[in-house]
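Chains, contacts and geometry: an overview
What follows is the residue order along each chain.
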Amino acid sequence: MKVLKLVVPVLLAVACAKEGANSSATASSTAASSGGSVDLTGAGSSFAYPIYSKWAALYAAKTGVKVNYQSIGSSGGIRQLSDEIVDFGASDGPMTDQQLAQAKGGPILHIPTVLGGVSVTYNLPTVQQPLKITGDVLAQLYMGKITKWNDSRIASLNPGVTLPSLDVIVVHRSDGSGTTYIFSDYLATVSRAWASAVGRGQSLNWPVGLGGKGSEGVAGQVKQTPGAVGYVELSYAKQNNLPSALIRNAAGAWVAPTLESVTAAAAGVVPTLPANTDYRISIVNGPGKGTYPISSFTWILVYQHQKDPVKGKKLVDFLNWALTDGEAEAAPLDYAPLPASMATTVKAKLATIDLTGAK
Amino acid sequence: MTSLPVDWLENDRRKLRVDASAYGDKIYEALTAACALAIPALVIAIAVAIFAAAWPAFAKLGFSIVTTSDWDVRAGHFGAAPAIFGTLVSSTVALIIATPLAIGVAIFLSEFAPLWLRQPIGFLVDLLAAIPSVVYGLWGIFVLIPLLREHVMPFLRDTLHLGATPFFSGPAYGPSMLAAGVILAIMALPYISSVSREVLMAVPRSQREAALALGATRWEMIRDAVIPYARSGIIGGIMLGLGRALGETMAVTMVIGNRPEISASLLAPGYTMASLIANEFSEATSDLHLSALMAVGAVLFIITLIVNAVARWLVWSVGRRRTQ
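These numbers were taken from a predicted model, which means no experiment stands behind them.

About the criteria used
- Residues numbered from 1 in each chain as written.
- Chains lettered and ligands numbered in written order.
- Predicted model: local features only at pLDDT ≥ 70, side-chain atom pairs only at ≥ 80, totals over all residues.
- Helix = DSSP H or I, 4+ residues; strand = E, 2+ residues; numbered from the N terminus.
- Buried ≥ 20, exposed ≤ 12 C-beta atoms within 10 Å, placed from the backbone.
- Contact = placed C-beta atoms within 7 Å.
- Pairing = 2+ DSSP bridges.
- Right-handed = clockwise from strand over helix to strand, strands pointing away.
- Core = buried A, V, L, I, M, F, W, Y, C linked by C-beta atoms within 7 Å.
- Nonpolar A, V, L, I, M, F, W, Y, C, P; charged D, E, K, R; others polar.
- Axes fitted to C-alpha atoms, helices over the stretch in contact; angles between N-to-C directions.
- Parallel < 35°, antiparallel > 145°, perpendicular 65-115°, else oblique.
- Left-handed = near helix turned anticlockwise from the far one by under 90°.
- Domains from an automatic or database assignment.

Quick look at the overall build of chain A
Check the secondary structure of chain A and you find 13 helices and 12 strands. The 359 residues of chain A split such that 48% are buried. Considering only intrachain contacts with a sequence separation of at least 6, the fraction spanning at least 24 residues in chain A is 72%.

So this is what it looks like as structure tokens:
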């Protein structure tokens, strides 16, 4: 046992050192400054991982400040920030009041970074033009109240389209996910029946349907099953050429999920925000003619009072850069950028972060 | 796993090298003892960690975790009965499919196959164990599920009229308990067949020759002389396969449909304990939710323990019957 006690920590240390060396090898070749150490750590949303890791790479190349972001899921990000393990968290859903109260490092700011939309995809081989669907009908599909595609409630929304008499096969995410949160947030907003029977959350007690693991599980199931309907992130639907339904927004227009229509959802909400908003806002079913209704921010979470002034400054600088130059990287990765006006007000929020180190 | 020729004892009797110094022995003994002790220590450490994390859920919800079937995170209901049911049923289906196949493979390889065929087939069967489970899952989604939905399920339900029984009734979506069982059968097969092949090959040649000398046909020889001799080893192999099936997570999650409901029909989607944990752990928000998932892990741990104990008992009782 004595040998083991010695061997295990040594092995762990070797493994960790190796890991560190590997991950920093690429970064340090471009960054001239400090040797091998990571300056800022973050964890959370896997949805936002592609853009945050892109930002980290670009920012390291530009300034030498290294940002290590781990996509462990939104809940994990919130937990790690609350326990002060990481410098910033990231989440696809806003923190609850209870979660905020439990954070060990004091008040937390929600910094919206980019936007994501959720596409409703389907498999109806005989239907050529995009299917039109309302939030209420979508809720009824997902509650098992509409079981055939040629149901009059769907047919009346799609005049001139011959809908097949296929059974509706509902597919949802089986793993806890921010995508599920946004989707259920929308359904709960537009359908009272959904709000009381199912509600909103990252994992739900689904009334009907099959669970697919991850976007690829849902998409795979929908692609193969005639009559299936599912939901995936806009970026995933776009990259995999999945058909996306047009959704009727609050203004009564039929809108396809695009980066523009998702950004428009944020732009529609901005004027209604109070000056002291904490940005814990839902923008589903938002106002505006060109607005895609199943849209949401994704947030970076930071403490209002930074304990380490040097690190705090680095964090604020990084976020400022992300909201300025970083936003341009959003569209190529299929994220919707923040509306320009909003980036300015969010940066004003960043300026309120206390870097004195006092608590 | 390399295969041993039947008569390895005769041919390959290794000469023990006698070392004058006992110092090396001491170090060697200490090292192996440390390795051997590390395993129980690890198992105990894992058990303690799981049960400690699961305790808040057990304290709050008691046995309702095991006995109720309503898993609603928002309402704070954590009933894992459908997942427990799914784990047991999918593993049982897997064993029903895999055991005859695997033993057939093992008998063919040890008794009938010409030497030139023995190696490649044995190698390919063992290779099944080396395929990552996520690859099985992908294969399940893109090949197995369409096959089941388009052909196998309608055949079972309508052509064979098994749809009249509750076990094959209802619509065929594809993702189902049956799909999970078939995937698990393929994954468990190499474990059962490798172990069975080894023990069949280890049956002494004299055993076979005695049976043949008494006028037994080849089939009678295998049935009455070879298999009884190897039975405890084969059961051990089956239990190894069962252990694999009980704990498998990724591939099952991808094909079972993840629906927490108890249904008698194998065509209906289901859920397993391992899938439940894998699906919800990373996005579990409340402490009770996390703890409930750990409690499911603890139940899975206990079930695996029971299965292994039963396997030990079976192997032991079979062995005892033979010596009597």
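A word on the overall build of chain B
Helix and strand counts for chain B stand at 12 helices and 2 strands. Going from the N terminus to the C terminus, chain B shows its helices and strands as α-α-α-β-β-α-α-α-α-α-α-α-α-α. Dimensions of chain B along its principal axes, counting C-alpha atoms only, are 70 × 60 × 40 Å. Sequence separation of 24 or more characterises 77% of the internal contacts of chain B that already satisfy a separation of 6 or more.

Some details on the sheet that holds strand 9 (residues 246-248) of chain A
Backbone hydrogen bonds hold the strands of a sheet together, and the pairing may be parallel or antiparallel. Residue and element names in this part refer to chain A. The strand order across the open sheet formed by 3 strands is 5-9-10, and the pairing between neighbours is mixed. Edge positions in the open sheet fall to strand 5 (132-133) and strand 10 (254-255), since each of these has one partner strand only. Alignment of strand 5 against strand 9, held across 2 bridges, turns out to be parallel. Along strand 9, the bridge assignment pairs K132 with L246.

Some details on unusual backbone geometry
Phi at N285 of chain A takes a positive value of approximately 55°, unusual for a residue other than glycine. The residue N285 of chain A is located in the loop between helix 11 (259-269) and strand 11 (295-303) in this model. Using a count of 20 C-beta atoms within 10 Å as the deciding quantity, one classes N285 of chain A as buried. Located in the positive-phi region is H161 of chain B, a residue other than glycine, with phi close to 60°.

Overview of the pairing of strand 2 (residues 67-71) of chain A
Burial of the side chains of strand 2 of chain A is restricted to one face: V67, Y69 and S71 of chain A are buried, whereas none of N68 and Q70 of chain A on the reverse face is. You can see the chain leave strand 1 (residues 40-44) of chain A, run along helix 2 (residues 49-63) of chain A and come back into strand 2 of chain A, and the turn it takes is right-handed.

Quick look at the nonpolar core
All names here are of chain B. With 179 residues, the main nonpolar core has I183, A188, V255 and V296 as its most contacted residues. Ranked by residue count, the leading element in this core is helix 7 (residues 177-201), at 18 residues. Setting aside its immediate chain neighbours within four residues, V296 contacts A80, A83, M273, L276 and I277.

Some remarks on the interface of chain B and chain A
Residue-level contacts link 28 residues of chain B with 27 residues of chain A. Looking at the side of chain B that touches chain A, the elements that each hand over two or more residues are helix 2 (23-61), strand 1 (71-72), helix 6 (133-159), helix 10 (250-255) and helix 11 (273-280) of chain B. For the side of chain B that touches chain A, the residue count by class is 16 nonpolar, 7 polar and 5 charged.

Considerations on the packing of helix 5 (residues 115-128) of chain B against helix 7 of chain B
All names here are of chain B. Between helix 5 and helix 7, whose axes approach to 7 Å, the crossing angle comes to 135°. As summarised for this structure, helix 5 and helix 7 are arranged oblique, according to the angle between their axes. Seen along the crossing, helix 5 lies across helix 7 with a hand that is left-handed. For the pair helix 5 and helix 7, the contacting residues are G122, V125, D126 and L128 in the first and I186, L189, P190, S193, S194 and R197 in the second. Tallied by class, residues from the contact of helix 5 with helix 7 come to 5 nonpolar, 3 polar and 2 charged.

Some thoughts on the domain arrangement of chain B
Residue and element names in this part refer to chain B. Along its sequence, chain B is carved into domain 1 (1-61) and domain 2 (81-323). Each of domain 1 and domain 2 has a C-alpha centre, and the two are 26 Å apart. Across the contact, 15 residues belong to domain 1 and 17 residues belong to domain 2. For the side of domain 1 that touches domain 2, the per-class residue count stands at 12 nonpolar, 1 polar and 2 charged.

Description of the pairing of strand 11 of chain A
Residues and elements named next belong to chain A. The element strand 11 is extensively covered by neighbouring structure, given that 9 of its 9 residues are classed as buried. Along strand 11, one buried face is formed by S295, F297, W299, L301 and Y303 and the opposite face, lined by S296, T298, I300 and V302, is buried too. Where strand 3 (residues 88-91) and strand 11 come together, 3 bridges link them in antiparallel fashion. In the strand pairing of strand 11, A90 is matched with I300. Judged from the 9 bridges that link them, strand 4 (residues 108-122) and strand 11 form a sheet pairing that is antiparallel. Across the sheet, H110 pairs through a bridge with L301, a residue of strand 11.

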